[in-house]
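Here is how the chains run, residue by residue.
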Amino acid sequence: MAIFSVYVVNKAGGLIYQYDNYVAKAEVEKTFSYPLDVVLKHHDEKVVVSFGQRDGIRVGHAVLSINGADVNGKNTAEGKDILEYLKDPSNYPVSIRFGRARLSSNEKLMLASMFHSLFAIGSQLSPEVGSSGIEMLETDVFKLHCYQTLTGIKFIVLADPRQSGIDALLRKIYEIYSDFALKNPFYSLEMPIRCELFDQNLKSALEIAEKAGNFGTGS
Amino acid sequence: MNSELFTLTYGALVTQLCKDYENDEEVNKQLDKMGYNIGVRLIEDFLARSSIGRCQDFRETADVIAKVAFKMYLGVTPSVTNWSPAGDEFSLILENNPLVDFVELPDNHSTLIYSNLLCGVLRGALEMVQMAVDVRFAQDTLRGDNVTEIRMKFIKRIEENLPAGDE
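Residues numbered from 1 in each chain as written. Chains lettered and ligands numbered in written order. Predicted model: local features only at pLDDT ≥ 70, side-chain atom pairs only at ≥ 80, totals over all residues. Heavy atoms only, no water.

**Focus on the overall build of chain A**
Logical step 1: The number of helices and strands found in chain A is four helices and eleven strands.
Logical step 2: When its C-alpha atoms are laid out on the principal axes, chain A stretches across 65 × 40 × 35 Å.
Logical step 3: Within chain A, the fraction of its 219 residues that count as buried is 41%.
Logical step 4: A separation of at least 24 residues holds for 55% of the contacts in chain A among residues at least 6 apart in sequence.
Logical step 5: Surface accessibility of chain A: about 12100 Å² in total, with carbon and sulfur atoms responsible for 54%.
Logical step 6: Side-chain charges in chain A split into 23 positive and 26 negative, and the spacing between the mean points of these groups amounts to 1 Å. (Helix = DSSP H or I, 4+ residues; strand = E, 2+ residues; numbered from the N terminus. Buried < 20%, exposed > 50% of the residue type's maximum accessible area, 1.4 Å probe, protein only. Contact = heavy atoms within 4.5 Å. Areas by Shrake-Rupley, 256 points an atom, 1.4 Å probe, with all protein chains shown as cover. Lys, Arg positive; Asp, Glu negative; His and termini not counted. Charge placed at Lys NZ, Arg CZ, Asp CG, Glu CD.)

In structure tokens form, the structure reads like this:
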């Protein structure tokens, strides 16, 4: 899974498409009996571990599901507050899955708009005239590549730092966008992309890029 | 794909519009609007397939339109002539226009600009790359002239919503 996600941002900075291709590796499911020895707290509309790190459950991990049912923010799938539910001994033994909290779609929207602004700052900071915006962002775990078309649409790919051929992939995604999104007469410009053909072709393009890039990574 | 199907489809479209609107001016407007909607989408396909970068001036734009775009989509290469002294207006001269193969305009549609779709396409496509242009037919083989001439005039650069890094 060397290519983690693809984001498409329209001219105004709004996220119009998002695709995640990674499997969260650090997820742990355990059965607990009363009283719970992990201390939980509310944080950012989620319930996270604040103390009691053990067995793969780390501080900062969020509660992902209770008894197999995915949680809904601070509440269980049935709508009960999680912390209240876990204080009641009659609900035990309970099986809780902890893991690194995934970004919600609202958070992704916000991050995409923020990146849109940072992209512009990138070109303004430049000491030379006529610089492009941010084309690559690197951390120790991933590399973010961004391609802005002449019409203002940005294609952003998050991939493994060792993955090669991302530039070609960005051009390919542009082609797929111009084919399956734009040539679909029922798709309105600048709106979220909900075209199945676009999804399918994007997935196959990602698979091809991963296989081609892997000659250098050896993973 | 067979170009005759394309000619037939376009012809069916224009005749249906004539029946629906019954007024040549209205049909011309509708064709321009439809062309505009095609143009805003076609530009992305053009940029994705041709990997052409931003043009530095209007002359370069004219060359790219004539030599690359028209060739890619209609299979014809018009010539670029009649530059105005200020360099903001030019003509595209088309020897043959694939849209009007086999077409004759009847007398009761003398003000109909049959290929007005092309004007809309050019206008819509250039607007998406921040150029406001005015496109009109100066000569039309269907109305008795020898060649088809499309006159393009640069109005202004669209400064709103410029992609970052393009100042």
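**Some points on the confidence of the model for chain A**
A low pLDDT means the predicted coordinates there should not be read in detail.
Logical step 1: Here chain A averages 86 in pLDDT, while 96% of its residues score no lower than 70.
Logical step 2: The least confident element of chain A, judged by mean pLDDT, is strand E7 (residues 69-70) of chain A at 82; the most confident is strand E11 (residues 154-159) of chain A at 94. (pLDDT = per-residue confidence, 0-100.)

**Focus on the pattern of salt bridges**
Logical step 1: Counted under the stated rule, the structure contains 18 salt bridges over all chains.
Logical step 2: With its nearest N and O atoms 2.5 Å apart, the salt bridge here joins Arg-49 of chain B to Asp-179 of chain A. Note that Arg-49 of chain B is positioned in helix H2 (residues 24-50) and Asp-179 of chain A in helix H3 (residues 166-181), a pairing that runs across two chains.
Logical step 3: Accessibility expressed as a relative area gives 36% for Arg-49 of chain B, which makes it partly exposed. (Salt bridge = Lys/Arg side-chain N within 4 Å of Asp/Glu carboxyl O.)

**Here's the deal with helix H3 (residues 58-74) of chain B**
Logical step 1: The largest bend in H3 of chain B amounts to roughly 35 degrees and is located at Ile-65 of chain B.
Logical step 2: Phi turns positive, to about 75 degrees, at Gly-75 of chain B, one or two residues after H3 of chain B. (Bend = angle between axes of the 7 residues up to and from the residue.)

**Brief notes about the side chain of Asn-10 of chain A**
All names here are of chain A.
Logical step 1: Summarising the element assignment, Asn-10 is placed in the loop between strand E1 (3-9) and strand E2 (15-20).
Logical step 2: Using a relative accessible area of 7% as the deciding quantity, one classes Asn-10 as buried.
Logical step 3: Not counting the four nearest positions on each side in its chain, Asn-10 is found in contact with Ile-16, His-116, Gly-152 and Glu-190.

**As for the sheet that holds strand E9 (residues 136-138) of chain A**
All names here are of chain A.
Logical step 1: The sheet built from five strands is open, its strands ordered E2-E1-E11-E10-E9 with antiparallel pairing. Whereas interior strands pair on both sides, the edge strands pair on one side only; in this sheet they are E2 and E9. Neighbour to neighbour, the strand axes of the sheet diverge by 10 degrees on average, direction disregarded.
Logical step 2: Summarising the sheet, E1 and E11 pair through six bridges and their orientation is antiparallel. Among the inter-strand pairings, Val-9 is bridged to a residue of E11, identified as Lys-154.
Logical step 3: Lying on the sheet, helix H2 (residues 105-124) is in contact with E1, E2, strand E10 (143-148) and E11; it crosses E2 at an angle near 115 degrees. (Pairing = 2+ DSSP bridges. Axes fitted to C-alpha atoms, helices over the stretch in contact; angles between N-to-C directions.)

**Looking at the packing of H3 of chain B against helix H4 (residues 116-128) of chain B**
Residue and element names in this part refer to chain B.
Logical step 1: Look at H3 against H4: their axes get within 13 Å of each other, and the N-to-C directions meet at 120 degrees. When the axis of H3 is compared with that of H4, the two are oblique. Regarding H3 and H4, the two cross each other, and that crossing is right-handed. For the pair formed by H3 and H4, the contact residues are Thr-61, Ile-65, Phe-70 and Leu-74 on the first element and Leu-118, Leu-122 and Leu-126 on the second.
Logical step 2: Of the residues assigned to the contact of H3 with H4, the class counts are six nonpolar, one polar and no charged. (Parallel < 35°, antiparallel > 145°, perpendicular 65-115°, else oblique. Left-handed = near helix turned anticlockwise from the far one by under 90°. Nonpolar A, V, L, I, M, F, W, Y, C, P; charged D, E, K, R; others polar.)

**Side note on the environment of Asp-45 of chain B**
Logical step 1: Mapped onto the fold, Asp-45 of chain B is located in helix H2.
Logical step 2: On the basis of relative accessible area, Asp-45 of chain B is assigned to the buried category, the value being 4%.
Logical step 3: When the C-alpha positions of Asp-45 of chain B and Asn-108 of chain B are compared, they lie 38 Å apart, and in sequence the two are 63 residues distant.
Logical step 4: Ignoring any residue separated from it by four or fewer positions in sequence, one finds Asp-45 of chain B in contact with Ser-178, Asp-179 and Lys-183 of chain A together with Tyr-73 of chain B.
Logical step 5: Side-chain polar atoms of Asp-45 of chain B contact the side chain of Lys-183 of chain A, separated by 2.7 Å.
Logical step 6: Here the side chain of Asp-45 of chain B touches Tyr-73 of chain B through a polar contact of 2.6 Å, side chain to side chain. (Polar contact = N/O pair within 3.5 Å; in protein donor to acceptor, adjacent residues only side chain to side chain.)

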